[in-house]
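# Fold and geometry: a report
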Amino acid sequence: MAKIISGKDVAEKILITNIKPKVDDLKLKGVIPTLVVILVGDVQASASYVRQKEKFAAKAGIKSEVRKFSETAPEQEVLDEIIKINKDSDIHGIIVQLPLPDHISVTKILNSIDPSKDVDGFTPTNVGKLFLGEETLVSCTPKGIMLLLESVNTDLKGKNVTVIGRSNIVGKPVSILCQQKHATVTMCHSRTKDLTAKLSDADVIIVAVGVPKFIHGDQIPMGSIVIDVGIHNVDGKLCGDVDFESAQNKVSAITPVPGGVGPMTVCALIENTVIAAERLSNKN
Ligand code: NAD
């Protein structure tokens, strides 16, 4: 019987047992970890992520604020706000909710964030440090995936991990993190030939493709662990990149959608904000 890895439960436990005590310590020193979320336009999906971030922030006892801009706000207006936040010593974490309207350059916006407050881990400085294995703020979804694997006591040393998808926000960073844990990583993407063959000796499969129910049980080796990053609304029902029904008969453990990687991404964001607050307050 496959274990269903509940990201919701793991996130809740980490928030209360690991993160909240650190927040309480910081508060005793007069530091209230504070996250600012920049939201441009009125994207429905972004609004629901933002609500989840606020809920988790409240659970951990950190302060979270949303700064909203209209869909037509000029790029410079958003940049000016980021520059202001970079200088504000009461704010420790900043994230810009993506996607942004077409007239705003994502690269320009992300590059303007002070790396020490870049709790999404998207700035070139933090991505570079991750690559080099230096202390950094690790981007949230890959960090959340590693926490999920830890929660089921997966020692990656010498294991075969197959990552499907090579995006900058999921596939590439999670492959680096798995290598740092001494796994042998196979990276697959849209030009990979015979994907099923690449999965045949996988101990762990991480799927971040963005196609509903893309991976089926018949492609999954018996007893592997599957982490499903995808999230889709198909005919009003949420599903992932993995066909859960057929996969669950093959795996030893699998994440559900919803309630798997999603809550862990938000949990990692809150943890990054607390780490940033600790590091910034030690500098002052
Ligand atoms: P992306 O579109 O940036 O990248 C998709 C990757 O999949 C690409 O590297 C591409 O090469 C690969 N791919 C596409 N078709 C393929 C095929 N036929 N065979 C093999 N590889 C193929 O996507 P992303 O940003 O990494 O997101 C992936 C999914 O994860 C999406 O559904 C997204 O909504 C979801 N997501 C969820 C969270 C979360 O917190 N739950 C966070 C980030 C992304």
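All figures in this text were calculated on a predicted structure; none of them were measured in a lab.

What counts, and where the lines are drawn
- Residues numbered from 1 in each chain as written.
- Predicted model: local features only at pLDDT ≥ 70, side-chain atom pairs only at ≥ 80, totals over all residues.
- Heavy atoms only, no water.
- Axes fitted to C-alpha atoms, helices over the stretch in contact; angles between N-to-C directions.
- Helix = DSSP H or I, 4+ residues; strand = E, 2+ residues; numbered from the N terminus.
- Parallel < 35°, antiparallel > 145°, perpendicular 65-115°, else oblique.
- Left-handed = near helix turned anticlockwise from the far one by under 90°.
- Contact = heavy atoms within 4.5 Å.
- Nonpolar A, V, L, I, M, F, W, Y, C, P; charged D, E, K, R; others polar.
- Buried < 20%, exposed > 50% of the residue type's maximum accessible area, 1.4 Å probe, protein only.
- Core = buried A, V, L, I, M, F, W, Y, C linked by side-chain atoms within 4.5 Å.
- Domains from an automatic or database assignment.
- Pairing = 2+ DSSP bridges.
- Salt bridge = Lys/Arg side-chain N within 4 Å of Asp/Glu carboxyl O.
- Near = heavy atom within 4 Å.
- Polar contact = N/O pair within 3.5 Å; in protein donor to acceptor, adjacent residues only side chain to side chain.
- Areas by Shrake-Rupley, 256 points an atom, 1.4 Å probe, with all protein chains shown as cover.

Right, let's talk about the packing of helix α6 (residues 140–151) against helix α7 (residues 171–180) for a bit. In a pair of packed helices, the angle between the axes and the distance between the axes together describe the arrangement. Here α6 crosses α7 at 40 degrees, and the two axes come no closer than 8 Å. With respect to α7, the element α6 is oriented oblique. Relative to α7, the crossing made by α6 is right-handed. Only Pro173, Val174, Leu177 and Cys178 of α7 make contact with α6, whose side of the interface consists of Pro142, Lys143, Ile145 and Met146. A class-by-class count of the residues in the contact of α6 with α7 yields seven nonpolar, no polar and one charged.

The amide bond that connects leucine 98 to the next residue, proline 99, takes the cis arrangement and shows omega of 5 degrees. For proline 99, the position within the fold is in the loop between β4 (93–96) and α4 (106–111). Residues valine 257 and proline 258 are joined by a peptide bond in cis, for which omega reads 0 degrees. Note on placement: proline 258 falls in the loop between β11 (253–254) and α10 (261–283). You will see that histidine 182, though not glycine, has its phi angle at about 70 degrees, which is positive. The topology assignment puts histidine 182 in the loop between α7 and β6 (184–188). Since its relative accessible area comes to 52%, histidine 182 is described here as exposed. The backbone phi angle of lysine 213 is positive, close to 50 degrees, even though this residue is not glycine. Its location among the elements puts lysine 213 in the loop between β7 (204–207) and β8 (225–228). With relative accessibility at 42%, the residue lysine 213 sits in the partly exposed group.

Counting residues in each nonpolar core, the largest one holds 55 residues, and the members touching the most others are Ile19, Ile145, Ile206 and Ile227. Broken down by element, the residue count for this core peaks at eleven residues, all from α10. Shared between two domains, this core holds at least three residues of each, these being domain 1 (31–115) and domain 2 (140–261). Among the nonpolar cores identified, the runner-up in size contains 17 residues, and Val40, Leu79, Ile91 and Ile113 belong to it.

Let us now look at the sheet that holds β8. Pairing is parallel in the open sheet, where six strands are placed in the order β1-β11-β8-β7-β5-β6. Of all strands in the sheet, those with a lone pairing partner are β1 (3–4) and β6, marking the two edges. Where α7 meets the sheet, it contacts β5 (160–164), β6 and β7, and its direction lies at approximately 165 degrees from that of β6.

For the rest of this paragraph, the subject is the pattern of salt bridges. This structure, assessed with the given rule, holds eight salt bridges. Arginine 67 is the salt-bridge partner of glutamate 81, the closest N and O atoms lying 2.6 Å from each other. Residue glutamate 81 is located in helix α3 (residues 75–87), and its partner arginine 67 is located in strand β3 (residues 63–69); the two are separated by 14 residues in the primary sequence. The class for glutamate 81 is buried, based on a relative accessible area of 13%. Ionic pairing is found between lysine 108 and glutamate 75, a salt bridge with its closest N-O pair at 3.0 Å. Placement of lysine 108 in helix α4 and of glutamate 75 in helix α3 is noted, with a sequence separation of 33 residues between them. In this structure lysine 108 comes out as partly exposed when scored by relative accessible area, which is 47%. One continuous salt-bridge network, built from bridges that share partners, spans Glu65, Arg67, Glu81 and Lys84.

Around the ligand, the structure places 21 residues, and the nearest of them are Arg166, Ser167, His189, Ser190 and Thr265. For the ligand, a nitrogen atom lies 3.4 Å from a polar atom in the backbone of histidine 189. Here an oxygen atom of the ligand sits 3.3 Å away from a polar atom, N or O, in the main chain of isoleucine 231. Isolated, the ligand exposes 860 Å² of accessible area, and the fraction of that covered by the protein chains is 70%. Its residues assigned to classes, the shell around the ligand shows nine nonpolar, ten polar and two charged.

With that settled, consider the domain arrangement of the chain. What the domain assignment reports for the chain is domain 1 (31–115) and domain 2 (140–261). Put simply, the middle of domain 1 and the middle of domain 2, counted by C-alpha atoms, are 29 Å apart.

Another point: the sheet that holds β3. Sheet strands pair by backbone hydrogen bonding; their relative direction is either parallel or antiparallel. Read from one edge of the open sheet, three strands run β3-β2-β4, paired in parallel fashion. Only two strands of the sheet have a single partner each, and these edge strands are β3 and β4. For this sheet, the mean inter-axis angle between neighbouring strands, taken without regard to orientation, is 20 degrees.

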